[in-house]
Amino acid sequence: MANISDLPENVLVDLLSLLPARELILRCRLVCTVWRDVVDLATLWKRKCQREVLYQEKWDRNVQDWKIFYFLCSLKRNLIKNPCAEEDFQFWKLDVNEGDKWKVENLPGEHGRAFPHQGVHKYFVTSHGRCRKSQLISLKNMGYWDQLMDEIQPDITIQDWYAARFDCGSRYSLRVRLLSADYIVLHQFQPEDVLLEQWSDAEWRQISYTFHNYGPGVRHIHFYHGGQDTQYWAGWYGIRVTNSSITIGPEVAT
């Protein structure tokens with residue numbers, strides 16, 4: 001009787017590429033040496049990328065490991081929870097909450113501007129007192145295993161959006177830290193605070209930074225931002241923030 005392992009390699013690649021990646025690694029690869037070798041083929045993982053629309057021809061020369069590339073693409077999403085205030089302050093830790101404290105408002109807000117991208121309807125706003133909030137992200141909980149972070153060191157990209165009211169000046173601050181398993185700071189991005197003058201254009205501005213080649217040991221990411229108004233008016237005249245993101249990308253730009 002015919003055995004499935006007797007099928008030509010290209011047919012086995014087509015068949016196995018239909019299975020979930022977890023099953024390929026944890027089950028199929030253990031069936032026999034033939035299946036192990038097929039599961040380890042770059043062509044199988046490239047085929048999975050093609051099937052799941054994770055592939056563009058321009059990447060062919062740049063992708064060094066199609067298996068890793070597949071997992072990075074399938075894992076990629078915004079690691080910040082509740083980035084646009086749709087769930088009030090859920091998932092955020094209010095580290096500093098002075099003055100009239102943090103508040104959630106609807107876009108565009110009083111003396112504000114519409115957000116440049118569709119799908120963003122709310123923002124967080126500080127008061128005249130110092131306000132900072134944060135999220136601590138465990139990479140292992142998000143599916144990024146230790147060996148991947150230590151050996152591949154995929155790019156970690158941080159983005160945040162901020163704006164001020166037209167009629168009030170404000171201060172914006174951002175700090176992002178890459179932490180070890182025991183929360184030692186390995187790398188940090190902390191640009192100088194941004195001061196927006198009163199009677200500014202109230203436009204939304206984006207700040208972006210990517211960590212490259214950061215070395216082994218990264219296990220957590222600490223994202224921390226906020227500010228205050230510079231007129232010290234009672235109420236919520238401070239900095240507005242929304243659409244924050246942390247993404248971990250494949251080894252070539254998508």
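Counting starts from 1 at the beginning of each chain's written sequence and moves along it residue by residue. Two thresholds apply to this predicted model, a pLDDT of at least 70 for residue-level local features and 80 or more for giving and counting side-chain atom pairs, whereas whole-chain, interface and lining totals are computed over all residues. Only hydrogens and water are set aside when side-chain values are computed; all heavy atoms of the structure are taken into account.

### Some points on helix 1 (residues 9-16)
Threshold: Type-normalised accessible area, obtained with a 1.4 Å probe on protein chains alone, sets the label of each residue: buried when under 20%, exposed when over 50%, and partly exposed for intermediate values. Only DSSP runs of H or I covering at least 4 residues are called helices, and only runs of E covering at least 2 are called strands; the numbering of each starts at the N terminus. Relevant arc is that of directions from the helix axis to the C-beta atoms, nothing else. Pairs of residues are marked as contacts when any of their non-hydrogen atoms sit within 4.5 Å.
Listed as buried for helix 1 are Leu 12, Val 13 and Leu 16. One side of helix 1 carries all its buried residues, which in axial view fall inside an arc of 105°. Residues of helix 1 that are buried sit in contact with helix 2 (21-26), helix 3 (33-39) and helix 4 (42-51).

### Describing the UniProt feature "domain: FBA" (unreviewed entry) in the protein chain
Put simply, the test is: UniProt positions are given in the numbering used here, feature names are shortened, and annotations may be inferred rather than shown by experiment.
With numbering aligned to this structure, UniProt lists the feature "domain: FBA" (unreviewed entry) at residues 69-250. Across residues 69-250, the secondary structure splits into 8% helix and 40% strand, with the terminal C-alpha atoms separated by 6 Å.

### Observations regarding the packing of helix 1 against helix 4
The description of two packed helices rests on the angle between their axes and on the distance between the axes. Operational definition: To obtain each axis, a line is fitted to C-alpha atoms, and for helices this fit is confined to the stretch in contact; angles are then taken between N-to-C directions over 0 to 180 degrees. Here is the rule for angles: anything less than 35 degrees is roughly parallel, anything more than 145 is roughly antiparallel, 65 through 115 is roughly perpendicular, and the remaining ranges are oblique. Should the near helix be turned anticlockwise from the far one by less than a right angle, the crossing is left-handed, and should it be turned clockwise, the crossing is right-handed. In this count, Pro and Cys sit with the nonpolar residues alongside Ala, Val, Leu, Ile, Met, Phe, Trp and Tyr, while Asp, Glu, Lys and Arg are called charged and the others, Gly among them, polar.
Two elements in contact, helix 1 and helix 4, have axes separated by 9 Å at closest approach and are oriented at 45°. As judged from the angle between their axes, helix 1 and helix 4 are oblique. Here the hand of the crossing between helix 1 and helix 4 comes out right-handed. Where helix 1 approaches helix 4, its residues Val 13, Asp 14 and Leu 16 are matched on the opposing element by Thr 43, Leu 44, Arg 47 and Arg 51. For the contact of helix 1 with helix 4, the class distribution of residues is 3 nonpolar, 1 polar and 3 charged.

### Structural notes on the environment of Ile 184
Note on placement: Ile 184 falls in the loop between strand 6 (170-179) and strand 7 (185-189). C-alpha separation for the pair Ile 184 and His 220, spaced 36 residues apart in sequence, amounts to 9.6 Å. Setting aside its immediate chain neighbours within four residues, Ile 184 contacts Leu 178 and Leu 179.

### Looking at the packing of helix 4 against helix 5 (residues 66-75)
Between helix 4 and helix 5, the shortest axis-to-axis distance is 8 Å and the interhelical angle comes to 25°. As far as their axial angle goes, helix 5 and helix 4 are roughly parallel. Judged by the twist between their axes, the crossing of helix 4 over helix 5 is left-handed. Note on element contacts: helix 5 touches helix 4 through Trp 66, Lys 67, Phe 69, Tyr 70 and Phe 71, opposite Ala 42, Trp 45, Lys 46, Lys 48 and Cys 49. Residues of the contact of helix 4 with helix 5, tallied by class, amount to 7 nonpolar, no polar and 3 charged.

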